[in-house]
Amino acid sequence: MKAKVLQLLRTCEDHFVSGEHISNQLSISRTMVWKYIDALRKEGYVIKAVSNKGYHLVEEMDVVNEHAIRSRLEVDAIFQNIIYEDTVTSTQQVAYKLLGEGAPHGTLIVANEQTSGRGRLGREWYSPANTGIWMSLIMRPNIEMQQTPQLTLVAAVALARAIKEATNYDVQIKWPNDLIFNGKKIAGILTEMQSDPDRVKSVIIGIGINVNQQTFPESIANIASSLSLETRETFHRVAIIEHFLREFQWLYHTYLEKGFSFIKPLWEARAISIGEEILAKTANGELKGVAEGISDEGVLLLKDSEGNSHRIYSADIHL
Ligand code: BTN
């Protein structure tokens, strides 16, 4: 209900909305309207009240919680099961636990802080409180196992588009899962699949976005950054989440309907280092060559100095 009150206030952004209107729309008493307004104010929303006029949402703080997200969902959003926690070890870990309890397709887990955030290849993911977006999605796609890495690329395109819409800044994608701004990593995606021997049961897509951090640990300060550090602006995390969920939902459904060939050009248009010399560190050793692009399956194609083509399924890319 708090989400619905917030939604009504937001739809009337430049004028007042009367308590009576809210109470009629939501079929609640005026006293309940006042209680929800009070609760929203306590969370940090600045809501002006003028007698005979009603309420006006003056300032939206960077509040991330379940109803802040819910109030921004589209009516047909698949992300109806939203779990928000202040502090977790890792939203991936919470997702695994919820999967065990039968969590539905489209479950979204968001945390304000992670104490053991994880990245690809067992790396740590720096996830301090109040500054970034740490979230995991539980999806149950009907796809072949070898298609799962494509979902990382779908998520990367959705994320780049969402950041553009919410901040007006362009970010680039580094294969397979890094989002790069001014040469530094500002977001990453970690896709983990759960399967039977012959079919995908579920996929957990973990997304970390460095939004408003002002500092980074020394060990990663030269490679990682935040949107805020790069632009000297601050951003509303929930607005980025809103855009991401919208973008991801339609790209995901279009991908399932039309295949990866629909996603490929969108990914390539934002890709960094295509046509350039790269070093791919794979589990089987290092390969140097020119990144030619990605295949129709989303595999990275690399041509070495002798003209041999290689297909890279999993690697760390150095530019
Ligand atoms: C990477 O670039 O290596 C992937 C980083 C993924 C980080 C996100 S933050 C939310 C989710 N929970 C985690 O512990 N990791 C992912």
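Fair warning: this is a prediction, and the values are worked out from it, not measured in the lab.

## Quick look at the pattern of salt bridges
Note that side chains of opposite charge can pair when their charged atoms are close. Applying the stated criterion to the full structure yields 21 salt bridges. For Asp316, the salt bridge is made with Arg120, and the minimal N-O distance between the two is 3.8 Å. Of this pair, Asp316 sits in strand β14 (residues 316-318) while Arg120 sits in the loop between β4 (107-114) and β5 (133-139), and the two are 196 residues apart along the sequence. The residues Asp316 and Arg120 share a single accessibility class, namely buried. For Lys264, the salt bridge identified is with Glu268, shortest N-O distance 3.9 Å. Taken together, the residues Lys264 and Glu268, both in helix α9 (residues 260-270) and four residues apart, mark about one turn of the helix.

## Points about the site of the ligand
Taken together, 21 residues surround the ligand, and among them Ser90, Gln114, Arg118, Arg120 and Lys185 come closest. A distance of 2.6 Å separates an oxygen atom of the ligand from a polar backbone atom of Arg120. For the ligand, an oxygen atom lies 3.2 Å from a polar atom in the side chain of Asn177. Considered on its own, the ligand offers 410 Å² of accessible surface; in the complex 98% of this is hidden by protein.

## A word on the packing of aromatic side chains
By the definition in use, this model includes six aromatic pairs. Judged by centre distance (6.4 Å) and plane angle (85°), the rings of Tyr169 and Phe235 are edge-to-face. Of this pair, Tyr169 sits in the loop between α6 (148-167) and β6 (172-174) while Phe235 sits in the loop between α7 (227-231) and α8 (237-258), and the two are 66 residues apart along the sequence. For Phe235, a relative accessible area of 7% puts it in the buried group. Ring geometry for Phe248 versus Tyr252: centroids 5.6 Å apart, planes at 35°, classification tilted. In this pair, Phe248 and Tyr252 both sit in helix α8, four residues apart, roughly one turn of the helix. Taken together, the ring pairs connect Tyr169, Phe181 and Phe235 into an aromatic cluster.

## Some words on the nonpolar core
Leu9, Ile205, Ile209, Phe244 and Phe248 are the most contacted members of the largest nonpolar core, which has 81 residues in total. Residue contributions to this core peak at eleven residues, all from α6. Those residues in contact with Leu9, other than ones at most four positions away along the chain, are Val17, Ile22, Ile37, Leu40, Ile47, Tyr55 and Leu57. One finds Ala95, Leu98, Ala103 and Ile204 within the second-largest nonpolar core, a separate group that totals eleven residues.

## Description of the sheet that holds strand β3 (residues 82-88)
With mixed pairing, the seven strands of this open sheet are ordered in space as β3-β4-β5-β9-β8-β7-β6. A single partner strand is all that each edge strand has here, and the edge strands are β3 and β6. Taking each pair of neighbouring strands and ignoring which way they run, the sheet shows an average axis angle of 20°. Both β6 and strand β7 (residues 178-181) contribute to a ladder of three bridges, which runs antiparallel. Paired with Gln172 across the strands is Ile180, a residue of β7. Against the sheet, α8 contacts β4, β5 and β9 (200-209), and its axis sits at roughly 25° relative to β5.

## Examining the environment of Thr215
Tracing the chain through its elements places Thr215 in the loop between β9 and α7. Separated by ten residues in the primary sequence, Thr215 and Ser225 place their C-alpha atoms 8.1 Å from one another.

## Some details on the packing of helix α1 (residues 2-11) against helix α3 (residues 30-43)
Taken N-terminus to C-terminus, the directions of α1 and α3 make an angle of 85°; their axes are 10 Å apart at the nearest point. The orientation of α1 relative to α3 falls into the category roughly perpendicular. Of α3, the residues touching α1 (which contributes Lys2, Val5, Leu6 and Leu9) are Tyr36, Ile37, Ala39, Leu40 and Glu43. Among the residues forming the contact of α1 with α3, the class breakdown is seven nonpolar, no polar and two charged.

Conventions used here
Residues numbered from 1 in each chain as written. Predicted model: local features only at pLDDT ≥ 70, side-chain atom pairs only at ≥ 80, totals over all residues. Heavy atoms only, no water. Salt bridge = Lys/Arg side-chain N within 4 Å of Asp/Glu carboxyl O. Helix = DSSP H or I, 4+ residues; strand = E, 2+ residues; numbered from the N terminus. Buried < 20%, exposed > 50% of the residue type's maximum accessible area, 1.4 Å probe, protein only. Near = heavy atom within 4 Å. Polar contact = N/O pair within 3.5 Å; in protein donor to acceptor, adjacent residues only side chain to side chain. Areas by Shrake-Rupley, 256 points an atom, 1.4 Å probe, with all protein chains shown as cover. Phe/Tyr/Trp six-rings, centres within 6.5 Å; stacked < 30°, edge-to-face > 60°. Core = buried A, V, L, I, M, F, W, Y, C linked by side-chain atoms within 4.5 Å. Contact = heavy atoms within 4.5 Å. Pairing = 2+ DSSP bridges. Axes fitted to C-alpha atoms, helices over the stretch in contact; angles between N-to-C directions. Parallel < 35°, antiparallel > 145°, perpendicular 65-115°, else oblique. Nonpolar A, V, L, I, M, F, W, Y, C, P; charged D, E, K, R; others polar.

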